[in-house]
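# Structural features, examined
In case you want the letters, here they are:
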Amino acid sequence: MILVKNIKKLVQAEPAQVRFRAGAEMQNLPCIDNAYLLVKGDKIESSGKMTALSEKMLEKYNEKVEIVDAAGKMVFPAFCDSHSPIVYAGSREIEYIDKIKGLSYEEIAKRGGGILNSVDRLRAASEDELFDSAWQRLEEVASFGTGAIEIKSGYGLDTENELKMLRVIRRLKEKSALTIKANFLAAHAVPREYIGRQTEYVDLIINEMIPMVAAEELADYVDVFCDRGFFTPEDTERILMQGIKYGLQPKIHANELDFSGGIQVGVKYNARSVDHIEYTGDDEIACLLGCVTMPTILPGAAFFLGMVYAPARKMIEAGLPVAMAGDYNPGSCPSGNMQFVLSMGCIKYGMIPEEAINAVTLNSAYAMGVEDELGTITVGKTANFFITKPISTIEFMPYAYGSNKVESLYLRGVKKY
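Right, let's walk through the structure included here.

## A few points about the nonpolar core
Generally speaking, a soluble globular protein has its nonpolar side chains buried in company with each other. Core analysis: the largest hydrophobic core is formed by 103 residues, its most contacted members being Leu172 and Phe184. When residues in this core are grouped by element, the largest group, 8 residues, is from helix H7 (residues 198-215). Of all hydrophobic cores here, the second largest spans 18 residues; its members include Ile7, Ala13, Val68 and Ile377.

Take a look at the structure:
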């Protein structure tokens with residue numbers, strides 16, 4: 001057992017199971033001052049005020065208790081990153097120079113860059129090479145406090161290499177203490193060999209790839225980049241319907257480049273989340289209200305690409321929940337630092353700290369389907385949490401955007417970093 005005592009503030013200390021927080025409720029961030037946290041095995045056993053902790057209370061367990069003194073420090077539930085395709089081969093900093101010179105995301109793609117650049121590199125890489133590089137990124141994101149991550153395929157764009165990526169994700173799941181979900185995203189772009197024959201590529205995804213992914217149980221989700229210049233709402237519906245048939249829950253990359261209809265398709269098929277959503281207007285907000293789909297914004301990608309920012313403030317004030325995720329990838333967001341994502345929520349999206357913390361913990365846990373296990377400090381949930389360095393207030397977490405405030409990370413009740 002582990003007892004973390006003298007916690008300055010135990011953050012997101014939710015006594016009951018909550019699926020997500022929406023609208024004005026996103027300002028609700030339950031905390032306990034001068035607190036303790038007791039962990040038994042890989043689960044949260046109890047928490048409360050230090051004044052409620054006694055030797056008698058611990059004696060009933062008849063176990064050796066490891067004591068961690070967190071005086072002056074805070075405890076947060078580990079971040080949940082519901083969108084980060086960290087399995088890739090090589091960086092794309094030359095395209096970064098093109099961006100600096102003023103080329104758009106679409107212009108770079110037309111010149112042979114973008115996703116198809118990463119496809120060429122991934123196809124040439126071995127499974128072991130992909131695993132080793134992804135493992136380093138996984139260790140990196142954990143050092144910033146991430147305890148759960150959803151990893152997508154989408155840089156293979158043929159059956160052999162999409163399966164290769166998903167097998168790498170399975171190996172990461174088996175080795176890592178992080179909670180990992182796998183997302184099948186062959187509909188990330190049309191590969192070079194199918195340019196001009198997009199419908200045939202969609203047919204390949206539907207008739208060959210999805211059945212093989214399902215047969216090997218390689219993915220939890222099926223995803224589509226439904227946007228201008230990529231896949232149409234009609235393509236998206238066909239892929240999602242086949243994914244559902246084979247037991248894969250839908251997700252959507254939507255409205256990153258324009259109003260595409262992707263959000264509406266996601267809601268129609270009960271997608272777990274719609275991601276990016278820079279272009280979200282009144283119709284999209286009305287569509288999302290009251291549904292099971294989590295609007296998920298990716299601040300790092302919008303920042304790196306110099307795009308418009310999703311109207312998070314308007315969405316919250318309309319009563320929607322909002323999640324935020326990392327999107328660690330070589331082209332549009334070469335960073336997996338969820339502390340920076342938290343800061344961006346406040347700096348660029350107008351969230352108050354309580355809203356932003358909900359967006360990267362409870363709501364992002366819902367976006368990757370682990371809200372029953374993670375996202376809050378709740379008895380019975382998995383003990384994924386981090387202890388901060390000595391900090392003054394919860395507001396300091398998003399305020400000090402350039403430094404790592406995490407001192408130690410516990411995953412499944414074991415100190416990892």
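## So, the state of the cysteines
In this structure the tally under the stated criterion is 0 disulfides. Sulfur of Cys287: no disulfide; nearest cysteine sulfur belongs to Cys291 and is 6.5 Å away. By relative accessible area, which is 24% here, Cys287 ends up partly exposed.

## Some remarks on the environment of Arg21
Relative to the helices and strands, Arg21 resides in the loop between strand S1 (2-11) and strand S2 (31-40). Residue classification places Arg21 among the buried positions, given a relative accessible area of 3%. Sequence separation between Arg21 and Asn404 is 383 residues; the distance between their C-alpha atoms is 26 Å. Polar side-chain contacts of Arg21 include one of 2.8 Å to the side chain of Gln12. One polar contact links Arg21 to Glu14, side chain to side chain, over a distance of 2.5 Å.

## Observations regarding the packing of aromatic side chains
The tally for this structure, following the rule as stated, stands at 12 aromatic pairs. A centroid spacing of 6.1 Å and a plane angle of 20° characterise the contact between Phe131 and Trp135, whose relative ring orientation is stacked. With a gap of 4 residues between them, Phe131 and Trp135 both fall in helix H5 (residues 127-143), about one helical turn apart. Taking the relative accessible area as the measure of exposure, Phe131 reaches 6% and is therefore buried. Since its relative accessible area comes to 18%, Trp135 is described here as buried. Centroid distance Tyr309 to Tyr349: 5.2 Å. Interplanar angle 75°. Geometry classified as edge-to-face. Of this pair, Tyr309 sits in the loop between helix H11 (299-305) and helix H12 (312-317) while Tyr349 sits in the loop between helix H13 (338-347) and helix H14 (353-360), and the two are 40 residues apart along the sequence.

## What about the packing of H13 against H14?
Two elements in contact, H13 and H14, have axes whose closest approach is 9 Å; the angle formed by their N-to-C orientations is 140°. Taken together, the axes of H13 and H14 are oblique relative to one another. The way H13 lies across H14 gives a crossing that is right-handed. The segment H13 lies against H14, with Met338, Val341, Leu342 and Cys346 engaging Pro353, Ala356, Ile357 and Val360. Residues belonging to the contact of H13 with H14 are distributed by class as follows: 8 nonpolar, no polar and no charged.

## Some thoughts on H7
In an α-helix, one full turn covers 3.6 residues, which means residues spaced three or four apart are oriented alike. Taking 1.5 Å per residue as the helical rise, H7 with its 18 residues ought to reach 26 Å, and the 25 Å between its terminal C-alpha atoms agrees with that figure. The sharpest bend along H7 reaches about 35° and sits at Met209, with the proline Pro211 one to four residues further on. Count one or two residues on from H7 and you reach Glu217, which has phi positive near 50°.

## Regarding the sheet that holds strand S8 (residues 179-187)
Strand order in the open sheet formed by 8 strands is S6-S7-S8-S9-S10-S11-S12-S13, and the pairing between neighbours is parallel. On the outer flanks of this sheet lie strand S6 (79-81) and strand S13 (323-324), each paired with one strand and no other. Sheet topology places S6 next to strand S7 (residues 146-152); 3 bridges connect them, and they run parallel. By the bridge assignment for S7, Phe79 is matched with Thr146. Contacting S8 and strand S9 (221-226), H7 crosses the sheet at an angle of about 150° to S8. Across the face of the sheet, helix H8 (residues 233-245) comes into contact with S8, S9 and strand S10 (249-254) while running at roughly 180° to S9.

Reading the values: rules and limits
Residues numbered from 1 in each chain as written. Predicted model: local features only at pLDDT ≥ 70, side-chain atom pairs only at ≥ 80, totals over all residues. Heavy atoms only, no water. Core = buried A, V, L, I, M, F, W, Y, C linked by side-chain atoms within 4.5 Å. Buried < 20%, exposed > 50% of the residue type's maximum accessible area, 1.4 Å probe, protein only. Helix = DSSP H or I, 4+ residues; strand = E, 2+ residues; numbered from the N terminus. Disulfide = S-S within 2.5 Å. Polar contact = N/O pair within 3.5 Å; in protein donor to acceptor, adjacent residues only side chain to side chain. Phe/Tyr/Trp six-rings, centres within 6.5 Å; stacked < 30°, edge-to-face > 60°. Axes fitted to C-alpha atoms, helices over the stretch in contact; angles between N-to-C directions. Parallel < 35°, antiparallel > 145°, perpendicular 65-115°, else oblique. Left-handed = near helix turned anticlockwise from the far one by under 90°. Contact = heavy atoms within 4.5 Å. Nonpolar A, V, L, I, M, F, W, Y, C, P; charged D, E, K, R; others polar. Expected span 1.5 Å × (residues − 1). Bend = angle between axes of the 7 residues up to and from the residue. Pairing = 2+ DSSP bridges.

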